[in-house]
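Listed here are the chains, written in short residue letters.
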Amino acid sequence: EKTLSRLSQHVSKYIERADELTLLDASYTLIHGREEFQKRLVATGKNATEISLSLVANKIESSYAKPNIIFAFPGQGSQYPGMASHFKKTLP
């Protein structure tokens, strides 16, 4: 939580100085270029100033744990090799 709080402060300061294009690049990197962690923070706003304020104001309260999912298929003969392989591609 401390690290996430510190990171949100740094990102907030960066956003305050960013132009629109740099803001888009930063958003893309934060969404797609970062490792997934248990603690997350979401900030919203209509412009860079609102997003920056939202980052600093948000409290880190909960964590997300990936659920354990099990698919059980009855032995009725309707299964085939790889029939659930598409689930692997859609789960985070």
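Residues numbered from 1 in each chain as written. Predicted model: local features only at pLDDT ≥ 70, side-chain atom pairs only at ≥ 80, totals over all residues. Heavy atoms only, no water.

K.L.:
Run through the overall build of the protein chain, naming residues and quoting values.
P.N.:
Broken down by element type, the protein chain carries four helices and zero strands. N-terminal to C-terminal, the α/β element order of the protein chain is α-α-α-α. The buried share of the protein chain, reckoned over its 92 residues, is 14%. In the protein chain, of all internal contacts separated by at least 6 residues, the share reaching a separation of at least 24 is 50%. Carbon and sulfur atoms make up 55% of the accessible area of the protein chain, which totals about 8100 Å². (Helix = DSSP H or I, 4+ residues; strand = E, 2+ residues; numbered from the N terminus. Buried < 20%, exposed > 50% of the residue type's maximum accessible area, 1.4 Å probe, protein only. Contact = heavy atoms within 4.5 Å. Areas by Shrake-Rupley, 256 points an atom, 1.4 Å probe, with all protein chains shown as cover.)

K.L.:
Could you give me a rundown of the packing of helix 1 (residues 2-17) against helix 3 (residues 48-57), with the residues and numbers involved?
P.N.:
Running from N to C, helix 1 and helix 3 point in directions that differ by 165 degrees, and their axes come no closer than 9 Å. As the angle between them shows, helix 1 and helix 3 are arranged roughly antiparallel. Crossing geometry of helix 1 relative to helix 3 is assigned as left-handed. Taking contact as the criterion, the partners of S8, Q9, V11, S12, I15 and E16 in helix 1 are, on helix 3, A48, I51, S52, L55 and V56. (Axes fitted to C-alpha atoms, helices over the stretch in contact; angles between N-to-C directions. Parallel < 35°, antiparallel > 145°, perpendicular 65-115°, else oblique. Left-handed = near helix turned anticlockwise from the far one by under 90°.)

K.L.:
Describe the nonpolar core, with residues and values.
P.N.:
Residues V11, I15, L23, I51 and L55 constitute the largest nonpolar core, which totals five residues. Breaking this core down by element, the ones donating at least two residues are helix 1 and helix 3. Contacts of I15, omitting those with residues within four sequence positions, involve L23, A48, I51, S52 and L55. (Core = buried A, V, L, I, M, F, W, Y, C linked by side-chain atoms within 4.5 Å.)

K.L.:
Account for the layout of surface pockets, naming residues and giving values.
P.N.:
Approximately 880 Å³ is the volume attributed to the largest pocket. Taken together, 23 residues make up the lining of the largest pocket; nearest its centre are L4, L7, L30, R40 and L41. At the level of secondary structure, the elements contributing two or more residues to the lining of the largest pocket comprise helix 1, helix 2 (20-32) and helix 3. Per-element tally for the lining of the largest pocket: the top contributor is helix 1, with six residues. Looking at the lining of the largest pocket, its residues break down into 14 nonpolar, three polar and six charged. (1 Å grid on protein atoms, 1.4 Å probe; cavity = no way out; pocket = protein on both sides within 12 Å on 5 of 7 lines; lining within 4 Å. Points joined across faces, edges and corners; volume = space filled by probe spheres on them. Nonpolar A, V, L, I, M, F, W, Y, C, P; charged D, E, K, R; others polar.)

K.L.:
Tell me about the side chain of S8, and name the residues and values.
P.N.:
Take S8: it is sitting in helix 1. Owing to a relative accessible area of 6%, S8 belongs among the buried residues under this scheme. Only 2.7 Å separates the side chain of S8 from the backbone oxygen of S5, close enough to count as a polar contact. When sequence neighbours within four positions are dropped, the list of residues in contact with S8 reads L41 and L55. (Polar contact = N/O pair within 3.5 Å; in protein donor to acceptor, adjacent residues only side chain to side chain.)

K.L.:
Describe helix 3, listing the residues and the values that go with them.
P.N.:
Along helix 3, the residues classified as buried are I51, S52, S54 and L55. Looking straight down helix 3, one finds that the buried residues subtend no more than 160 degrees of arc, so they occupy a single side. Turned more than 90 degrees off the buried face of helix 3, the exposed positions are T49, L53 and A57. On its buried side, helix 3 packs onto helix 1. If you check the start of helix 3, you find a side-chain oxygen 3.1 Å away from the backbone N of T49, and it comes from N47. (Arc of directions from axis to C-beta.)

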